[in-house]
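Tertiary structure, described
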Amino acid sequence: MSLQTPMDDFFRSQFEDKLLAAAPRYDNDHLTPAARLLAKRREGLEVETALKSQKEEFERKMDEISMQRETLEMKESELRTKLMSHQKHFKDIEVKCSRALRKAEQEEQLAGEQASEEQRLRSELARLTAHRQKQQQRLEKHILQRKH
């Protein structure tokens, strides 16, 4: 068996080299003008088919990109609308907050003024009460003196 394998390899290599060398090559030089024209037409059709396929793929991708762009533009428009709405909402909140702060400051100031006024009135009441008591005592003293 070991002898058969090297022999097979030897014959195969010898005959393959001679058979391949003897095989006719089909170059454009050996073709008839009609065969060359057919080959050129076939090649042209293959190129045209490939280009048509590439063009269709390109158009499909462009349509896909165009649809994506439209979707993005719609989303962008929605986001702008929402942003404007949120900005308006935040501005309204800011206005309300500043009003509430001003009102709280005014109420705090008013409460301070009222506390001062209350203190003043209490002092005045105490003074007037003391004055009344004095007057009452003088009156009672005067009445007692008149009775005697």
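If you're wondering where the values come from, they're calculated on a predicted model, not measured in any experiment. All residue numbers refer to position in the chain's written sequence, counted from 1. Predicted model: local features are reported for residues with pLDDT of at least 70 only, side-chain atom pairs are reported and counted for 80 or more only, and whole-chain, interface and lining totals are derived from all residues. Side-chain descriptors were evaluated using all non-hydrogen atoms of the structure, hydrogens and water having been removed beforehand.

**Quick word on the pattern of salt bridges**
We count a salt bridge whenever a side-chain nitrogen from Lys or Arg sits within 4 Å of a carboxyl oxygen from Asp or Glu. Counted according to the given criterion, the structure contains 7 salt bridges. With its nearest N and O atoms 2.7 Å apart, the salt bridge here joins R80 to E76. Residue R80 and its partner E76 are located together in helix 2 (residues 33–147), separated by 4 residues, close to a single helical turn. With a shortest N-O distance of 3.4 Å, D92 and K88 are connected by a salt bridge. In this pair, D92 and K88 both sit in helix 2, 4 residues apart, roughly one turn of the helix. Burial classes follow relative accessibility: with a 1.4 Å probe on protein chains only, a residue under 20% of its type's maximum area counts as buried, one over 50% as exposed, and anything between as partly exposed. Relative accessible area serves as the criterion here: at 35%, D92 is assigned to the partly exposed category. You can call K88 exposed: its relative accessible area is 54%. Overlapping salt bridges bring together E57, R60 and E64 as one network. Each helix is a run of H or I in the DSSP string that is no shorter than four residues. Each strand is a run of E no shorter than two, and both are numbered from the N terminus.

**Remarks on a nonpolar patch on the surface**
A grouping of F58, M62 and I65 is seen on the molecular surface, where their side chains present a nonpolar patch of about 300 Å² in accessible area. Locating M62 in the fold gives a position in helix 2. Residue classification places M62 among the partly exposed residues on the basis of a relative accessible area of 41%. Every patch collects residues that have over 30% relative accessible area and no salt bridge, joining them within 9 Å if they carry like charges and within 5 Å if they are nonpolar side chains (Val, Leu, Ile, Met, Phe, Trp, Tyr). Shrake-Rupley sampling with a 1.4 Å probe provides the accessible areas, and residues are treated as covered by the protein chains on show and by no other component.

Everything listed is a geometric property; what it means functionally is a separate question.
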